Amino acid sequence: MQLSKSAEKFIMNTYRRYPLNIIRGKGTYLFDDRGNRYLDFIAGIAVCSFGHCPSFVTNVLKTQSERLIHTSNLFFTKPQVELAKRLANKIKDYDKNLKFKCFFCNSGAEANEGAIKLARKYQRKRGKDRFEIITFYNSFHGRTYGSLSATAQEKFHKDFEPMLPGFRYVKFNDLKDFKKAINKNTAAVMLELVQAEGGVNIIDKDFLKQINSICRNEDILLIYDEVQTGTGRTGRFFCFEHFGIEPQILTLAKGIAAGIPMGVIMAGEEVADAFEPGNHASTFGGSPLVSAVAVEVV
């Protein structure tokens, strides 16, 4: 295939690609340049939450792109503020007493990276040594250095060492192992409620209750990585709604904008306010174009 030869010449070899040139998508189907139709179970790796090219997305893209595509976060834009409000209200639908704020970026790895920064910044009130984050074997939090360091599997670390310090890895659903990792330097616990990298591993509800109890008693932040499980993927908008235990920080990405790149950090008001101007930023995060699409998704 001529296209694959061009790709080999000009694109870095970071994916094992299928020998298909996809030229069009509609609903649950993809079409290649030979006229073949494929039922798509990949969905852009859990991204195309409404299928390919849904009319509400293409209509919003057309309308917003003719109005304003990008302006930077030095200014307010209505789509971004509206999206933050709608996401915060989704949390309030679960518990009216919860007040959450948002930070917008471009991917799940970025959202998790920001969540790590936010947790450490919040815990500075307890001293500079309060920076360790507990994560779990068979997790996956992203490919940037912080999110990769939070991912426990050595196979992802190979050839990129040294990883960033400050992460302790424990066995999933193992309370004894978790308790051994807790110490005076523990700042946060970061977890997926359903692990996908190591199989389909669902967190035990009693285990989560025990973690939550320890975190609340020790002022340790509880972070949910809902990059894959959020935005309705488990039948409720947030996966944590199935368990009845809310986090202090939550990350979203994948399907939040139905195929347009977006990541979100959500945090309770007290924690969110640890970030001050200059602490964190994203040039493209929450642009009017992507925010307008995500508003419709939400």
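Residues numbered from 1 in each chain as written. Predicted model: local features only at pLDDT ≥ 70, side-chain atom pairs only at ≥ 80, totals over all residues. Heavy atoms only, no water.

Once that is clear, we can look at the overall build of the chain. Along the backbone of the chain there are 11 helices and 12 strands. A globule of 298 residues ought to have a C-alpha radius of gyration of about 19 Å, and the chain, at 20 Å, matches this closely. If one aligns the C-alpha atoms of the chain with their principal axes, the spans along those axes are about 60 × 40 × 35 Å. Residue burial in the chain is summarised as follows: out of 298 residues, 45% are buried. In the chain, the proportion of contacts linking residues at least 24 apart, taken out of those at least 6 apart, comes to 69%. A total accessible area of about 16400 Å² is found for the chain, and carbon and sulfur atoms account for 53% of it. Here the chain contributes 41 positive and 32 negative side-chain charges, whose respective centroids are spaced 2 Å apart. (Helix = DSSP H or I, 4+ residues; strand = E, 2+ residues; numbered from the N terminus. Rg over C-alpha atoms; globule rule 2.2 N^0.38 Å. Buried < 20%, exposed > 50% of the residue type's maximum accessible area, 1.4 Å probe, protein only. Contact = heavy atoms within 4.5 Å. Areas by Shrake-Rupley, 256 points an atom, 1.4 Å probe, with all protein chains shown as cover. Lys, Arg positive; Asp, Glu negative; His and termini not counted. Charge placed at Lys NZ, Arg CZ, Asp CG, Glu CD.)

Here we come to the pairing of strand S11 (residues 249-252). Residues Ile249 and Thr251 of S11 are buried on one face, and the alternating residues Leu250 and Leu252, pointing to the opposite face, are buried as well. As judged from the three bridges shared by strand S10 (residues 221-225) and S11, these two strands associate in the parallel manner. Across the sheet, Tyr224 pairs through a bridge with Leu250, a residue of S11. (Pairing = 2+ DSSP bridges.)

On to the packing of helix H3 (residues 55-65) against helix H11 (residues 288-297), then. H11 packs onto H3 with a crossing angle of 145° between their chain directions and a minimal axis gap of 9 Å. Between H3 and H11 lies a crossing of right-handed hand. Mapping the contact onto sequence places Phe56, Val57, Val60, Leu61, Gln64 and Ser65 in H3 and Pro288, Leu289, Ala292, Val293, Glu296 and Val297 in H11. Of the residues assigned to the contact of H3 with H11, the class counts are nine nonpolar, two polar and one charged. (Axes fitted to C-alpha atoms, helices over the stretch in contact; angles between N-to-C directions. Left-handed = near helix turned anticlockwise from the far one by under 90°. Nonpolar A, V, L, I, M, F, W, Y, C, P; charged D, E, K, R; others polar.)

A word on unusual backbone geometry. A cis amide bond links Glu161 with the next residue in sequence, Pro162, at an omega value of 5°. Examined against the element boundaries, Pro162 turns out to sit in the loop between helix H7 (154-157) and strand S6 (167-170). Of note in this structure, Asp159 is not a glycine but carries a positive phi near 75°. Checked against the element boundaries, Asp159 lands in the loop between H7 and S6. Assessed through its relative accessible area of 62%, Asp159 is described here as exposed. Of note, the phi angle at Asp219 is positive, near 55°, even though the residue is not glycine. For Asp219, the location among the structural elements is in the loop between helix H9 (205-218) and S10.

All right, on to the pattern of salt bridges then. In the structure shown here, the tally under the stated rule is 11 salt bridges. Linking Glu270 and Lys125 is a salt bridge whose minimum nitrogen-to-oxygen distance equals 3.8 Å. Of this pair, Glu270 sits in helix H10 (residues 269-272) while Lys125 sits in the loop between helix H5 (108-122) and strand S5 (132-136), placing them 145 residues apart in sequence. The partner of Lys180 in a salt bridge is Asp177, with the nearest N and O atoms 3.9 Å apart. Of this pair, Lys180 and Asp177 are both found in helix H8 (residues 175-181), three residues apart, which corresponds to roughly one turn of the helix. (Salt bridge = Lys/Arg side-chain N within 4 Å of Asp/Glu carboxyl O.)

Residues Leu87, Val189 and Leu191 are the most contacted members of the largest nonpolar core, which totals 47 residues. Per element, the largest residue contribution to this core is six residues, and it comes from H11. Grouped together as the second largest cluster of nonpolar side chains are 20 residues, Ile116, Tyr122, Ile223 and Ala267 included. (Core = buried A, V, L, I, M, F, W, Y, C linked by side-chain atoms within 4.5 Å.)

Together, Tyr18, Leu20, Ile22, Ile42 and Ile45 line one region of the surface with nonpolar side chains, adding up to about 510 Å² of accessible area. Relative to the assigned elements, Tyr18 resides in the loop between helix H1 (2-10) and strand S1 (22-26). (Patch = residues over 30% accessible without salt bridge, like charges linked within 9 Å, V, L, I, M, F, W, Y side chains within 5 Å.)

Turning our eyes to something else, we now look at the environment of Asn138. Summarising the element assignment, Asn138 is placed in the loop between S5 and helix H6 (145-150). Separated by 56 residues in the primary sequence, Asn138 and Val194 have C-alpha atoms spaced 10 Å apart. Excluding residues that lie within four positions of it along the chain, Asn138 makes contacts with Gln153, Glu192, Gln195, Glu197, Gly198 and Asn201.

Let's shift gears to the sheet that holds strand S3 (residues 37-39). Strand order in the open sheet formed by three strands is S1-S2-S3, with antiparallel pairing between adjacent strands. Each of the sheet's edge strands pairs with one partner strand only, and the pair in question is S1 and S3. The mean inter-strand angle of the sheet, taken between neighbouring strand axes irrespective of direction, is 30°. Pairing between S1 and strand S2 (residues 29-32): four bridges, direction antiparallel. When the sheet's bridge partners are listed, Lys26 is paired in S2 with Tyr29.

Before going further, it helps to spend a moment on the side chain of Asn112. With respect to the element layout, Asn112 can be found in helix H5. On the basis of relative accessibility, which here comes to 1%, the residue Asn112 falls in the buried class. Residues within four places of Asn112 in sequence aside, it is in contact with His141, Ser147, Met190, Asp225, Val227 and Thr251.

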